[in-house]
Amino acid sequence: LMLRYRVCKSFEVESGHMLSKHAGLCRFPHGHSRRIDVVLSAARLDSQDMVADFKALKLAMTPIVRAWDHAMAMNSADPMLGRMGADQRVVVFEGEDPTTEVMARAVYEHLSRELRSGKTYTDENGQTYRLPGPESDVRLERVRVTETSSSWAEYGE
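The rules behind each value
- Residues numbered from 1 in each chain as written.
- Predicted model: local features only at pLDDT ≥ 70, side-chain atom pairs only at ≥ 80, totals over all residues.
- Heavy atoms only, no water.
- Pairing = 2+ DSSP bridges.
- Helix = DSSP H or I, 4+ residues; strand = E, 2+ residues; numbered from the N terminus.
- Axes fitted to C-alpha atoms, helices over the stretch in contact; angles between N-to-C directions.
- Contact = heavy atoms within 4.5 Å.
- Phe/Tyr/Trp six-rings, centres within 6.5 Å; stacked < 30°, edge-to-face > 60°.
- Buried < 20%, exposed > 50% of the residue type's maximum accessible area, 1.4 Å probe, protein only.
- Lys NZ or Arg CZ within 6 Å of the ring centre and 35° of its normal.

## What to know about the pairing of strand E8 (residues 151-156)
Move 1: Pairing between strand E7 (residues 139-148) and E8: 6 bridges, direction antiparallel. Counted as the bridge partner of Thr148 is Ser151 from E8.
Move 2: Hairpin connection, E7 to E8: the antiparallel pair is bridged by 2 residues.

Below you can see the structure in the form of structure tokens.
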């Protein structure tokens with residue numbers, strides 16, 4: 001059994017979605033207070049005795065949090081999409097409904113790319129942070145998106 005360290009960083013967004021393929025009320029606009037939990041693991045800690053810097057994770061997630069917070073998520077094929085005004089905050093999911101499962105996968109794919117990139121992030125004070133790059137053994141284990149107090153979806157290993 002290989003023991004691993006695990007860390008989780010959570011993010012909160014207020015977002016709406018419309019599930020055009022749903023037969024019930026979920027096809028109409030409705031919203032959720034969503035929590036996004038990102039779990040990373042490593043067999044060894046880095047030179048700062050961390051799996052990953054929480055600040056670097058926060059900065060890597062900023063584009064998603066900014067795009068999704070107070071926005072309406074919709075399927076590109078939703079007939080209602082054309083009725084949304086140009087000034088509306090809409091996040092379009094290409095050819096699929098923005099279910100909680102799809103949203104969890106989208107976050108996972110985004111963070112996987114960020115981890116592989118070895119990119120450096122700069123915060124509002126000019127400080128730089130870096131996620132572990134592809135040379136590390138840090139793994140993005142899973143992303144959990146909570147939709148309600150009794151419902152969540154995960155995507156990952």
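Past the structure itself, the notes keep going.
## Some points on the sheet that holds E7
Move 1: Spatial ordering of the open sheet is given by E4-E3-E1-E2-E7-E8, a layout of 6 strands whose pairing is mixed. A single partner strand is all that each edge strand has here, and the edge strands are strand E4 (90-93) and E8. Within the sheet, the average angular offset between the axes of one strand and its neighbour, ignoring direction, is 35 degrees.
Move 2: Note that strand E2 (residues 30-42) and E7 share 7 bridges and pair antiparallel. What sits directly across from Ser41, in E7, is Arg139.
Move 3: Across the sheet, helix H2 (residues 100-117) lies against strand E1 (5-17), E2, strand E3 (71-75), E4, E7 and E8, angled at about 150 degrees from E7, the strand it touches most.

## Quick look at the packing of aromatic side chains
Move 1: Applying the stated criterion across every chain yields a total of 2 aromatic pairs.
Move 2: Judged by centre distance (6.1 Å) and plane angle (50 degrees), the rings of Trp68 and Phe93 are tilted. Highlighted residues: Trp68 in helix H1 (residues 54-68) and Phe93 in strand E4, separated in sequence by 25 residues.
Move 3: When its relative accessible area of 6% is taken as the criterion, Trp68 is described as buried.
Move 4: Overall, Phe93 belongs to the buried group, its relative accessible area being 8%.
Move 5: Between Tyr108 and Tyr155, the aromatic rings sit 5.3 Å apart at their centres with planes inclined by 75 degrees, giving edge-to-face as the arrangement. A residue pair is termed long-range when its members are at least 10 positions apart, and Tyr108 in helix H2 and Tyr155 in strand E8 qualify at 47 residues.
Move 6: For Tyr155, a relative accessible area of 35% puts it in the partly exposed group.
Move 7: Its end group placed over the ring of Phe11, Lys9 keeps NZ or CZ at 5.9 Å from the ring centre.
Move 8: Sitting above the plane of the Trp152 ring, Arg144 keeps its charged end 3.5 Å from the centroid.

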